[in-house]
Amino acid sequence: MNESPHTPSVTPTGPLRLGAVDEEILRAVNRFQYMTAAQVARLFYPNQHDDNRYVQRRLRRLAEADYLLRLRELPTPRIGSAPLVFTLADRGRRFVSGRGEVLPSAYYRPSEERAKARDNPFMEHTLAAVDVLVAAELLCQCFQVSMPRLITERQLKRMNIRVQPHGQDGRSVTVIPDAWFELEAAEEPAVAIALELDRGTEYQRSWRRKVASLTAWADGPYRSSFEADNLTVAVATSNQARRDQLRTWTRMELEAISGLHLAEIFLFTDASPVATEPVEFFFSPLWYLAGQSTPVALIDLPEEAQADHGLS
């Protein structure tokens, strides 16, 4: 029986044969570092409606062949089963690096990856960031958009960029967004986005210190470190009340540190990157500035493209 190149299979006398989609899945897990079956399904099987069962079987076989490391389940949701988290295992790391992909880190210890998965706040926060990155990847598939660069949180930590927060005494701090990436629409210049995922756990003092750090970063080492001449700090929250609370705190801090000239780099949304179509999430007016009530788009489309996609 002939196997489709897109279907992984185990032969009686040989190892798992990888098809084209398997390779793309491994590349995606390498880019994002952690993924659930639901995220893989959204990226590669958006029209499959089987509660991710097919993708779960596919990922399980890749894990059994040591291409993926299957981490523990997340807490069980009120509806449905708990999702498993996957990252690259030894064979998967060798495979993607052999295909010219750059590994996020040369350091790999399965026991440490499993320990990270047991840290629920860390893993839930990380996967929420991946939801946004998957939406950006889907946007690139369905629209004239590319993602020239992506730097994940783990890679940002290794950059170790330290700043002295504006208006605050004390030691310097390391600025580590949840991800940094560029989106380039049509012939327009690339838009650089520093992603901040809010889970509703930070109090006012902590958030305002983060704002002070981000403004010092934007005013200081950012341009030379990232070789970028623009920056948008995209803050994704879970509800409207929290979105507006963070906007208020941000405006207060910018006023306190004479940083209102950077107010326009901060954009806030409570739109879900999972429930919202990627074109809407990035191009529709779902984002709010710190001191304005009129929503704007995260990325501006050229006028001719707006009409084509009903976004004018």
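Residues numbered from 1 in each chain as written. Predicted model: local features only at pLDDT ≥ 70, side-chain atom pairs only at ≥ 80, totals over all residues. Heavy atoms only, no water.

Counting its regular elements, the protein chain contains 12 helices and 13 strands. Expressed as a percentage of its 312 residues, the buried residues of the protein chain come to 49%. Contacts in the protein chain between residues at least 24 apart in sequence constitute 61% of all its contacts with a sequence separation of at least 6. With the model as given, the accessible surface of the protein chain reaches about 15700 Å², and the carbon-plus-sulfur share is 47%. (Helix = DSSP H or I, 4+ residues; strand = E, 2+ residues; numbered from the N terminus. Buried < 20%, exposed > 50% of the residue type's maximum accessible area, 1.4 Å probe, protein only. Contact = heavy atoms within 4.5 Å. Areas by Shrake-Rupley, 256 points an atom, 1.4 Å probe, with all protein chains shown as cover.)

This paragraph deals with the side chain of Thr-87. Position of Thr-87 relative to the elements: it lies in strand 5 (residues 84-88). At 2.6 Å, the side chain of Thr-87 and the backbone oxygen of Gln-33 are in polar contact. (Polar contact = N/O pair within 3.5 Å; in protein donor to acceptor, adjacent residues only side chain to side chain.)

Let us now look at the pairing of strand 11 (residues 191-197). With 7 of 7 residues buried, strand 11 lies mostly within the body of the structure. Here strand 11 shows two buried faces, one formed by Val-191, Ile-193, Leu-195 and Leu-197 and the other by Ala-192, Ala-194 and Glu-196. Note: strand 10 (residues 179-185) against strand 11, 5 bridges, orientation antiparallel. Within strand 11, the position partnered with Ala-179 by the bridge is Leu-195. Connecting strand 10 to the antiparallel partner strand 11 that follows it, the hairpin turn spans 5 residues, and Ala-186 within it adopts a positive phi of roughly 50°. Where strand 11 meets strand 12 (residues 232-236), 5 bridges bridge the pair, whose relative direction is parallel. Its bridge partner lying in strand 12, Glu-196 is registered against Val-235. (Pairing = 2+ DSSP bridges.)

Here we come to the packing of aromatic side chains. In total, this model carries 10 aromatic pairs according to the counting rule given. Both rings, one in Trp-217 and one in Phe-226, keep their centres 5.5 Å apart while their planes meet at 85°; by these two values the pair is edge-to-face. This pair shows no difference in class: Trp-217 is buried, exactly as Phe-226 is. In textbook terms, an aromatic cluster arises when at least three aromatic residues are bridged by ring pairs, as seen for Trp-180, Trp-217, Tyr-222 and Phe-226. Arg-243 extends its terminal NZ or CZ atom over the ring of Tyr-288, reaching a point 4.0 Å from the ring centre. (Phe/Tyr/Trp six-rings, centres within 6.5 Å; stacked < 30°, edge-to-face > 60°. Lys NZ or Arg CZ within 6 Å of the ring centre and 35° of its normal.)

This brings us to the nonpolar core. Membership of the largest hydrophobic core comes to 58 residues, with the highest contact counts inside it found for Met-35, Leu-59, Leu-68, Phe-181, Leu-183, Phe-282 and Phe-283. Leave out the neighbours within four places in its chain, and Met-35 touches Ala-28, Val-29, Val-40, Leu-43, Leu-84, Val-85, Phe-86, Leu-127, Val-130 and Val-134. With 30 residues, the next largest nonpolar core counts Ala-192, Leu-214, Val-233 and Val-235 among its residues. (Core = buried A, V, L, I, M, F, W, Y, C linked by side-chain atoms within 4.5 Å.)

Leave glycine aside and you will find that most residues have negative phi; peptide bonds, for their part, are mostly trans. Residue Asn-52 is not a glycine yet carries a positive backbone phi of 70°. Positionally, Asn-52 belongs in the loop between helix 2 (37-44) and helix 3 (53-64). For Asn-52, a relative accessible area of 23% puts it in the partly exposed group. At Asp-66, a position not held by glycine, the phi torsion is positive, near 70°. Here Asp-66 is to be found in the loop between helix 3 and strand 4 (68-73). Given the relative accessible area of 35%, Asp-66 is considered partly exposed.

The next thing to look at is the environment of Glu-124. Among the structural elements, Glu-124 can be located in helix 6 (residues 120-142). Glu-124 gets classed as partly exposed once you look at its relative accessible area, which sits at 30%.

Applying the stated criterion across every chain yields a total of 20 salt bridges. The partner of Arg-42 in a salt bridge is Asp-131, with the nearest N and O atoms 2.5 Å apart. Placement of the pair is Arg-42 in helix 2 and Asp-131 in helix 6, with a sequence separation of 89 residues. A salt bridge links Glu-196 to Lys-210, with the nearest nitrogen and oxygen atoms 3.2 Å apart. With a gap of 14 residues between them, Glu-196 in strand 11 and Lys-210 in helix 8 (residues 204-219) connect regions that are remote in the sequence. Taking the relative accessible area as the measure of exposure, Glu-196 reaches 4% and is therefore buried. The structure contains a network of salt bridges with shared partners spanning Glu-23, Glu-24, Arg-27, Arg-99 and Glu-101. (Salt bridge = Lys/Arg side-chain N within 4 Å of Asp/Glu carboxyl O.)

What follows covers the pairing of strand 12. Burial analysis of strand 12 places 5 of its 5 residues in the buried class, which makes it a mostly covered element. Here strand 12 shows no split at all, with Thr-232, Ala-234 and Ala-236 on one side and Val-233 and Val-235 on the other all buried. Here strand 12 pairs with strand 13 (residues 266-269) via 4 bridges, running parallel. Following the sheet pairing, Val-233 is matched in strand 13 by Phe-266. Note on the crossover from strand 12 through helix 10 (residues 240-256) to strand 13: the handedness is right-handed. (Right-handed = clockwise from strand over helix to strand, strands pointing away.)

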